[in-house]
Amino acid sequence: MKQHERVKRSHRVRLMAALALACGAAAIAAAAQPDPMTDLASRSSIVVLGTVVRVGASEEPLLPATNATAVIKIEKMLAGADLVGDQSGGTATVILKAPQTIKVGARAYFFGNPRLAGKTLTFADEGEIPVGQQLAAAVPPALAAGLQRRSDQPLRERLAIAALVFRGTVQSVRALESEVPGAPRELRSEHDPEWRAAIVRVDSALRGTQNGATVTVIFPNSRDIMWFNVPKPKEGEQWVFLGHRPQEDETRLLRNEGVLRFAQDQSAVVVSHPFDVLPSADEGRVGRVIKEGQ
Amino acid sequence: MEARDRARARITAILVGVLVMSLGGAAQNRLVNMIPQNRSGERNQDSEPTLAIDPNDYNRMAGSAFTWDNLTQGPMLTATAPIYISVDRGATWTLAYIVPSKMGNGFPTGDINLTFGSTLSGSPLHETSWLYGGILSAVTSGYPMSVLRAQDFQDGATVMATLDTRTGNVDQPHTKALSAIAGAPVGQDKLYVGFNNGYSCVAPNGRTSTLDISQNAKVAAPSFALTLIQSRTTACQDGFAQVPAPHLDGTVYAAFIGDWSGSPRVVVVRDDAWGTGGFTALTDPSDSKPGRFVTTALTLQSGTMGQQRLGASNLSIAVDPRNSDRVYVAYGDSNGANSETIHVRRSIDRGQNWSGDLLSATSAMNPQVAINSLGTVGVLYQRLVSGHWEARLRRTTDADATTFDSPGLLLANTNATTPTGTIASSVYVGDYASLQAAGRNFFGMFSASNYPDTATFLPGVVFQRYVDWASHKLYAEAAHTTEVPLSIDPYFFEADTLAPASDFYVRDWTTDATHADKGVEPSTNPVFYTTSDVWNRRNGSPGPFVNDQPTNQDAGNGSGNAGNNWAFARVRRNVTGPSASVTAHFLVSKFGVGSNYVDSTTGDPDVSFLDPDPVIATGAGAGPWTTSAYHWRLSAIAGNHLCLAVQISTPGSPYIPPSLAGATPGWPTTDLRIVNDNHKAQRNMHLSTTAGASGSVSDYAIVHNGALVTRDMPLRIAVSGISKRYVRNAQLRTIGSQRPATVGAVEAAGLGKTLVVPAVQPGENRWVRVDVEAAGLPAGGTAFVTVEELAGDVPVNGFAVGVRTGDLAGAIRDSLNIYRGEAERLVAGFGGKATEPDIKLRSVATGLAYMRFVRGELVPHLRKDLAAVRERGADAFDLEALLRDVETETSAARVVAKVATLLNALDASLTALQLQRGDPADIVQMVRWQKQLFRQNQKVAQLACAPKVIDASSEFIEGRESGKLTNREYPEHLKRVVSCLREAAGIFGGLEGTDFGALQKEHRAYLLALAR
């Protein structure tokens, strides 16, 4: 699979992207003053529309049935397919936030996070919102806003420490350690980041830089488990970069003093997280989240 | 050491027979793809697995791998990473999202490694032991090493708690927990996390091999301490893996590859006190520094093999659960470019000396070694053969665990080029696999391609995920509409030496209907001799069960019906299965610790085993089944303070040899013979009946040295369980010592303390008195204290004494029954005349009548008879003082208690006199001792006749251990060796005759002289 495709898939939940477009300003407004549905969705990796088929029941052998468990039939899966696949048409066990608050036949949006995935799915309910039998096909804007907020959460966290944010084109990439004079020969851990330096031309500045500037970006080229989800920019590619100055707890990852010194001398920024390097198509989304944070 | 090892070799030889028999019969091997059905759409590269098995119940397991919360290895969608859990012995697996991670992060965790402790966590929802983990955490960007804990790994509700965090250049945690079952640390969860602390030359002097240790990780806020286990300066750092291997006796080994960047060598360190001693117990002769070199300098592997990087780990260590002297390591080194060779070596002397390669395999990696309760060594590795990854389990087949089967068990043979490692490609199958031994079986995990082709897996492989075997395709759902690309999956396997359906066992302990021994080896309750499923009754009925515990009755001695006893045992298995014939073999020994068991082959004139061994015809269920009543008798002269044991066997599953006959748990090696073998159980408890809710009694026990060397015998007095509520005070004292206490020895110890009985010679009997004071007992309640014989921190044996309450009439009845037995004993064997054994019990029903009887008959009669007894030996038990004590007491209830103490002392006193005449129970021990002396005593070993003695001894011992000989062959054996004994030690007796006790006594005199 091409890296670009993978990154796109990783960072853009298709449903959520569509929902975000559909919701537009309504979603932004909802984020400012979240209604319960938005709040629940923002805290839930699993959101399903379903109907209670049994209360005080469990389909998971590891989970005894209690008055806080119920089995639902899933009508539609709005979030969570990436976790366990699309369970529409199937059943799941829900650990209810508030026991005995829901009855057989009740139809609701269920919001939660996974607990157990065996023969069937079991998730812990953050809450549920009853809906009528004649639900419109469209996803409620408040729910879409919540899902968007959740998907933006890692982006917000990375923006919080980003010094430079921009869309840029990679001019060159080189192995960093060979560029560091006097750097000691060191043994590497199997999790060694294998730092590289990319020279990137700023095409569209979003924070801390200006169009046309050149920025040195340090990124991990390792495909070890700890790094393979961080995109590896190549010459000629265009990405949105959220570059940060070396953080205190990652200085040891800048494996030797030479790399750290290089970063400081060159005013380089580091990208070390999957959300530090996004497809160029995400520029609008990044800009929106920056504005929301202002 | 050599003798111990030879002895073990013999035992193992028998075990090989057991193994072969089992493999040919009930063995079943299983392989399960662990991806749950609900995650059939996943395409992760789930590599680098570890498996943990709950020592309290082998049905409970947890596994880890590089497994994301999502199906496609994208950035995390939640803040928890999953682990694999099973509660049905690995038949099915579920993901539980309980490992802390971070939403949006690129990976769930870095390296992850799991282990169970063996104390129950007290979780309200599920019975389980504590689960611990070591991870490189994704929660912060520094990716520290975190130590985790779950109280209930299967509820999926609570994220594992972080107990400790180590930052800096940290790598590759390897965790191992073990719960101490005795001594000061009893019940503590010892947790050892090996990790590389300071790679990339940042550690002072390049010493990076480190253990993060908690001496009790189960407490609310456990403390951890780092121990640097590399004592030498390195060029930059040690290898990435530091692997601990603790043993129940407090020995802890750890292995690492030292000086990775300079002159890399496999190093093993050892600590003999649970890791509190700094791991300095093992030094290398080359520089006298801690850490024994197992190899010369290695050429390290590098590059990749079958899409898998090399050199990141490949180190494993295992210690024999039955004997901490025996330790095995497995490691890898270079086999040329992009290839590795794995090696297995061992030490039988606590790491001092190491063998050459016992096993090696080229083009192989991820060696894992484990040792089961039979002493069989298993090695798992993955080997690249013709473009395929083979996963193979090899097991030793020989007496000394040095020869491995060939080619072993092929678990999988999957394509090494498909699928392509598109992501995280360098950890295609992982830097390590996992192998665990639990009981007699081996369990493990490895990662491999999930291309569904039955021809490439162990027959009977189970995929939980949706698969079409005919078209060799994976699908996301039952309808087989969405095809899923191939990926790397984790696989669980069990290689059975003994199938669960054939694993019949006798419980070592039962607390109540829901908390009891589940047949694990070793069993996990430190008190394994008070509530076991072997018991005695005074009639042919098994009696009632209270709290699912059988009701034991003290043995009776005497003529006629008084000497009749019936033994029972309860047998069960954990799963249903075909019906089988389970044979129960009963044995008894004198009460205390170290006394050798006797059975029908011993020729003890005081004990008769009348019935053939009972055979249970099990149904198809899981039981339990109670044996038919096994009739045995104690003669009039025999004491009735005894231990009772059972060992069961089926055609496919014998007990682990050797038999308890002629032996005692713990010796001649420190085998935990009862707890390590679920086919054996024993009951060593004596209760005295007192009237009312409180009572104080003293009881007496033998301390017999069952070992082959003179030694100090540490005895620890403790109180546990519900007895804590009632026992107010207790004390343990040595009595009748014929030698002054050695320096440092104590003569008495209170609760929680250890009393050392000094310099006990092989076969020597000493006596201890235990005073127990209990109060507040409910009607019919019991309270007891335990006395454990320790080897290091491990109780190799133990006994319990205490009180049971009754009403006054019942207490009087019991008192008089015991008196009858002792009176009859006096008359039968000790010249007693004044006492009538057929006392008229019915006339003594009230307190007043009892007081009158005690003062008017019991005390005077005993005083007269004891005068004759005293002529035979000193009154070490202070019987006269006890008689006066009874005389001066005015309360009937207290008289009952004091008479109980008096009769306990009388019984001990008479037994001590009997033992002075020799003991047939010690015959096998004497021959073992003889053999050892003729091999190890330089002066004696040089005699020309020594080899003949050794051979004759071996023949006798092996014949007795295998059941082919009885003690009837003992006189003949002595005839064969007597001339050499005389040549070596002088003349101490003729060693002729047919009185086994007398022969044993003479024989011992020779051996004592030799030993001097």
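Since the structure is predicted, the reported quantities are computational estimates derived from the model, not experimental observations.

Basis of the calculations
By convention here, each chain's residues receive numbers from 1 onward along its written sequence. Going through the entries in the order they are written, you letter the chains from A and number the ligands from 1. Totals for whole chains, interfaces and linings use all residues, but because this is a predicted model, local features are given only for residues with pLDDT of at least 70 and pairs of side-chain atoms are given and counted only at 80 or more. A run of H or I in DSSP counts as a helix once it spans at least four residues, and a run of E counts as a strand once it spans at least two, with each numbered from the N terminus. Exposure classes come from backbone-placed C-beta atoms, where a residue is buried if 20 or more other C-beta atoms lie within 10 Å of its own, exposed if 12 or fewer do, and partly exposed in between. Any pair of residues counts as being in contact when their C-beta atoms, constructed from backbone geometry, are within 7 Å of one another. Any residue that is not Ala, Val, Leu, Ile, Met, Phe, Trp, Tyr, Cys, Pro, Asp, Glu, Lys or Arg is counted as polar, Gly included; the first ten are nonpolar and the last four charged. Each pair of strands is called paired provided DSSP finds at least two bridges between the two strands. Per-residue confidence from the prediction method is given by pLDDT, with values spanning 0 to 100. Helix axes are fitted to C-alpha atoms over the stretch in contact, other axes to C-alpha atoms as well, and angles between N-to-C directions run from 0 to 180 degrees. Roughly parallel means an angle under 35 degrees; roughly antiparallel means over 145; roughly perpendicular covers 65 to 115; every other angle is labelled oblique. By definition, turning the near helix anticlockwise from the far helix through less than a right angle yields a left-handed crossing, and turning it clockwise yields a right-handed one. The span you would expect from a helix comes to 1.5 Å times its residue count less one. Fitting axes to the seven residues ending at a residue and to the seven starting there, one defines the bend at that residue as the angle between these axes. What makes a nonpolar core is a set of buried Ala, Val, Leu, Ile, Met, Phe, Trp, Tyr and Cys residues, with links drawn between C-beta atoms within 7 Å.

Considerations on the overall build of chain A
In terms of helices and strands, chain A carries 8 helices and 11 strands. Per-residue burial for chain A yields a buried fraction of 50% across its 294 residues. Within chain A, counting contacts between residues at least 6 apart in sequence, those at least 24 apart form 73% of the total.

A short note on the interface of chain B and chain A
Taken together, the contact between chain B and chain A spans 54 residues of the former and 47 residues of the latter. In terms of residues, the side of chain B that touches chain A owes the most to one element, strand S5 (residues 94-100) of chain B, which gives 4 residues. When the residues that make up the side of chain B that touches chain A are grouped by side-chain class, the tally is 23 nonpolar, 26 polar and 5 charged. In terms of strand pairing, strand S4 (residues 107-117) of chain A meets S5 of chain B through 2 bridges, oriented antiparallel. Bridging from a neighbouring strand, Ala117 of chain A pairs with Leu95 of chain B of S5 of chain B.

Here's the deal with the sheet that holds strand S51 (residues 748-750) of chain B
Remark on secondary structure: sheet strands pair via backbone hydrogen bonds, oriented parallel or antiparallel. Residues and elements named next belong to chain B. Spatially, the 5 strands line up as an open sheet ordered S40-S48-S53-S50-S51, and their pairing is mixed. Strand pairing shows two members of the sheet lacking a second neighbour, strand S40 (592-593) and S51, which therefore form its edges. The sheet contact formed by strand S50 (residues 727-735) and S51 spans 3 bridges and is antiparallel. Each residue of the ladder has a partner; that of Gln731, found in S51, is Gly750.

So, the confidence of the model for chain A
Residues and elements named next belong to chain A. Scored by pLDDT, chain A comes out at a mean of 84, with 82% of its residues at no less than 70. Mean pLDDT across the secondary structure elements of chain A bottoms out at helix H2 (residues 14-23), with 40, and peaks at strand S9 (residues 238-243), with 98. Per-residue pLDDT stays below 50 along residues 1-31; that stretch engages in 48 contacts with residues further than four places along the chain or on separate chains. Taken as a whole, residues 178-185 scores under 50 in pLDDT and shows 11 contacts with residues more than four places along the chain or in a different chain.

What to know about the packing of helix H6 (residues 141-161) of chain A against helix H8 (residues 283-293) of chain A
The geometry of a pair of packed helices is captured by two quantities: the angle between their axes and the separation between those axes. Residue and element names in this part refer to chain A. Their axes nearest at 10 Å, the elements H6 and H8 cross at an angle of 70 degrees. As the angle between them shows, H6 and H8 are arranged roughly perpendicular. In terms of crossing hand, the pair formed by H6 and H8 is right-handed. Contacts between H6 and H8 involve Asp152, Leu155, Arg156 and Leu159 from the first element and Val286, Val289, Ile290 and Gly293 from the second. Residue classes in the contact of H6 with H8 are distributed as 5 nonpolar, 1 polar and 2 charged.

Regarding H6 of chain A
All names here are of chain A. Helix length check: H6, at 21 residues, gives a terminal C-alpha distance of 30 Å against a target of 30 Å (1.5 Å per residue), a fit within 8%. The largest bend in H6 is about 40 degrees, located at Asp152, with the proline Pro154 one to four residues further on. With 16 of its 21 residues buried, H6 lies for the most part within the structure.

Some details on the sheet that holds strand S15 (residues 252-258) of chain B
Residue and element names in this part refer to chain B. Pairing within the open sheet is antiparallel, and its 4 strands lie in the order S14-S15-S16-S17. Of all the strands in the sheet, just strand S14 (242-246) and strand S17 (292-293) have a single pairing partner and so form its edges. With 7 bridges joining them, S15 and strand S16 (residues 265-271) adopt antiparallel strand pairing. In the strand pairing of S16, Val252 is matched with Asp271.

Points about the nonpolar core
In terms of nonpolar packing, the biggest core is built from 210 residues, with Ala254 and Ala255 of chain B touching the most fellow members. If we ignore the near neighbours within four places in the chain, the residues touching Ala255 of chain B are Val243, Val266, Val267, Val268, Leu315, Ile317 and Val329 of chain B.

Describing unusual backbone geometry
Residues and elements named next belong to chain B. Omega for the bond connecting Ser406 with Pro407 falls within 30 degrees of zero, at 5 degrees, which places this linkage in the cis form. Mapped onto the elements, Pro407 comes out in the loop between strand S26 (388-395) and strand S27 (409-415). In this structure, Pro419 follows Thr418 across a cis peptide bond, with omega equal to 0 degrees. Note that Pro419 resides in the loop between S27 and strand S28 (434-438).

Here we look at the pairing of strand S21 (residues 327-334) of chain B
All names here are of chain B. Along S21, 7 of the 8 residues are buried, which leaves the element largely enclosed by surrounding structure. The sheet contact formed by S21 and strand S22 (residues 340-347) spans 8 bridges and is antiparallel. Within S22, the position partnered with Asp333 by the bridge is Thr341.

A short note on the packing of helix H8 (residues 946-962) of chain B against helix H9 (residues 970-985) of chain B
Residue and element names in this part refer to chain B. Put simply, H8 and H9 touch, their axes get as near as 9 Å, and they point 160 degrees apart. By the criterion of interaxial angle, the relationship of H8 to H9 is roughly antiparallel. In this structure, H8 crosses over H9, and the sense of that crossing is left-handed. Here Ala946, Lys948, Val949, Ala952 and Phe956 of H8 lie close against H9, whose contacting residues are His973, Arg976, Val977 and Cys980.

Considerations on the environment of Val243 of chain B
Residue and element names in this part refer to chain B. Residue position: Val243 is located in strand S14. Put simply, Val243 and Pro75 are 168 residues apart on the chain and 31 Å apart in space, counted from C-alpha to C-alpha. Excluding residues that lie within four positions of it along the chain, Val243 makes contacts with His174, Gly194, Ala254, Ala255, Leu315, Ser316 and Ile317.

Remarks on the environment of Val756 of chain B
Mapped onto the fold, Val756 of chain B is located in strand S52 (residues 754-760). Taking the C-alpha atoms as reference points, Val756 of chain B and Glu789 of chain B, 33 residues apart in sequence, are found 9.7 Å from one another.

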